[in-house]
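# Fold and contact review
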Amino acid sequence: MKLAILDRDGTINVDSDEFVKSPEEWMPLPGALEAIAKLNHAGWHVVVATNQSGLGRGLFDMAALNAMHAKMNKLLAAAGGRIDAVFFCPHAPDEGCHCRKPAPGLFEQIGERFGIELHGVPTVGDSLRDLQAGVAAGCEPHVVLTGKAERFRGQSVLPPDFPVGTWVHHDLLAFASFIIQRELTPKAITL
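Report follows, based on the coordinates. For clarity, every value in this text was computed on a predicted model and none was experimentally measured.

## A look at helix H5 (residues 128-136)
Turning to H5, its buried residues number three or more, namely Leu128, Asp130, Leu131, Ala133 and Gly134. In this structure, the buried side of H5 is in contact with helix H4 (105-114), strand E4 (122-125) and strand E5 (140-144). In the segment just after H5, Gly138 is the residue with positive phi, at about 95 degrees.

## Quick look at the sheet that holds strand E1 (residues 3-6)
Taken in spatial order, the six strands of this open sheet run E3-E2-E1-E4-E5-E6, and their pairing is parallel. What marks the edges here is a single partner per strand, and that holds for strand E3 (85-89) and strand E6 (167-169). On average, each strand axis in the sheet is tilted by 25 degrees relative to the strand beside it, whichever way the strands run. Here E5 runs beside E6; their pairing, made up of three bridges, is parallel. Following the sheet pairing, Val143 is matched in E6 by Val168.

## A look at the pattern of salt bridges
Applying the stated criterion across every chain, the model contains eight salt bridges. Across the pair Glu25 and Lys21 runs a salt bridge whose closest N-O atoms are separated by 3.5 Å. Close ionic contact of Asp130 with Lys101 constitutes a salt bridge, the shortest N to O distance being 2.9 Å. Remark: Lys101 occurs in the loop between E3 and H4 and Asp130 occurs in helix H5; sequence separation between them is 29 residues. Lys101 carries the same exposure label as Asp130, and that label is buried.

## Let's talk about the nonpolar core
Grouped together as the largest cluster of nonpolar side chains are 29 residues, with contacts concentrated most on Leu6, Ile12, Ile36, Leu39, Ile83 and Leu172. When residues of this core are traced back to their parent elements, those giving at least two are E1, helix H1 (32-41), strand E2 (45-51), helix H3 (62-78) and helix H6 (172-184). Within the second largest apolar cluster, 16 residues are counted, among which are Leu3, Leu106, Val121 and Ala137.

## Here we look at the packing of aromatic side chains
One pass over the structure, following the stated rule, counts two aromatic pairs. An angle of 90 degrees between the planes, with centres 5.6 Å apart, marks the rings of Phe152 and Phe162 as edge-to-face. Pair noted here: Phe152 is in the loop between E5 and E6 and Phe162 is in the loop between E5 and E6, with a separation of ten residues, a long-range link. In this structure Phe152 comes out as buried when scored by relative accessible area, which is 8%. Given a relative accessible area of 8%, Phe162 falls into the buried group. When the ring centre of Trp167 is taken as origin, the NZ or CZ atom of Arg182, which lies over that ring, is 5.9 Å away.

## Quick notes on the pairing of E1
Because side chains alternate across E1, one face comprises the buried residues Leu3 and Ile5, and the other comprises Ala4 and Leu6, equally buried. A crossover links E1 with its parallel partner E2, the connecting element being H1, and its sense is right-handed. Note that E1 and E4 share two bridges and pair parallel. Across the sheet, Leu6 pairs through a bridge with Val124, a residue of E4.

## Re the packing of H1 against H6
Relative orientation of the contacting elements H1 and H6 amounts to 15 degrees, with a least axis distance of 8 Å. As summarised for this structure, H1 and H6 are arranged roughly parallel, according to the angle between their axes. For the element pair H1 and H6, the recorded crossing hand is left-handed. Judged by residue contacts, Ala32, Glu34, Ala35, Ile36, Lys38 and Leu39 of H1 engage Leu172, Leu173, Phe175, Ala176, Ser177, Ile179 and Ile180 from H6. Classifying every residue of the contact of H1 with H6 gives ten nonpolar, one polar and two charged.

Criteria and cut-off values
Residues numbered from 1 in each chain as written. Predicted model: local features only at pLDDT ≥ 70, side-chain atom pairs only at ≥ 80, totals over all residues. Heavy atoms only, no water. Buried < 20%, exposed > 50% of the residue type's maximum accessible area, 1.4 Å probe, protein only. Helix = DSSP H or I, 4+ residues; strand = E, 2+ residues; numbered from the N terminus. Contact = heavy atoms within 4.5 Å. Pairing = 2+ DSSP bridges. Axes fitted to C-alpha atoms, helices over the stretch in contact; angles between N-to-C directions. Salt bridge = Lys/Arg side-chain N within 4 Å of Asp/Glu carboxyl O. Core = buried A, V, L, I, M, F, W, Y, C linked by side-chain atoms within 4.5 Å. Phe/Tyr/Trp six-rings, centres within 6.5 Å; stacked < 30°, edge-to-face > 60°. Lys NZ or Arg CZ within 6 Å of the ring centre and 35° of its normal. Right-handed = clockwise from strand over helix to strand, strands pointing away. Parallel < 35°, antiparallel > 145°, perpendicular 65-115°, else oblique. Left-handed = near helix turned anticlockwise from the far one by under 90°. Nonpolar A, V, L, I, M, F, W, Y, C, P; charged D, E, K, R; others polar.

Structural data, given as structure tokens:
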């Protein structure tokens with residue numbers, strides 16, 4: 001099974017320091033929906049792993065979160081794509097849960113749900129904690145220079161706290177193109 005695990009806010013949609021609290025505030029980043037559709041058309045399953053502490057903080061409720069995801073899915077369908085599942089942490093930062101990134105709980109849930117080992121599965125996010133959570137579960141780290149990571153544009157290296165071997169992409173569409181091209185590139189054969 002070809003699986004890619006994506007962060008949501010700052011990776012698929014515009015992020016906000018005030019939290020994305022409603023479907024009206026949920027706006028896709030340029031090219032993000034097309035990127036997911038491109039992955040789907042190349043045989044990839046796409047799953048979202050997202051911290052949604054706005055629930056735990058009382059800033060929005062499950063109905064609002066479901067409405068945001070319904071909008072995301074409707075826009076994705078119009079672009080020819082789909083997300084297989086959304087895994088989210090509803091807890092506030094001080095609740096000490098195992099599912100809030102950088103903890104690997106959401107990734108462990110994804111591995112269990114899909115019955116796969118996550119070693120080498122690409123995970124994409126715009127923050128250090130997205131990648132730390134994925135790497136703790138065995139995923140291959142990819143950062144997109146959108147959302148929180150936009151500040152790294154124009155720099156030749158990531159800060160040293162990022163996982164070794166992190167791939168850097170301009171945005172989600174660049175990631176999708178990279179992954180698909182890498183898959184098509186013949187591997188060297190040793191005799």
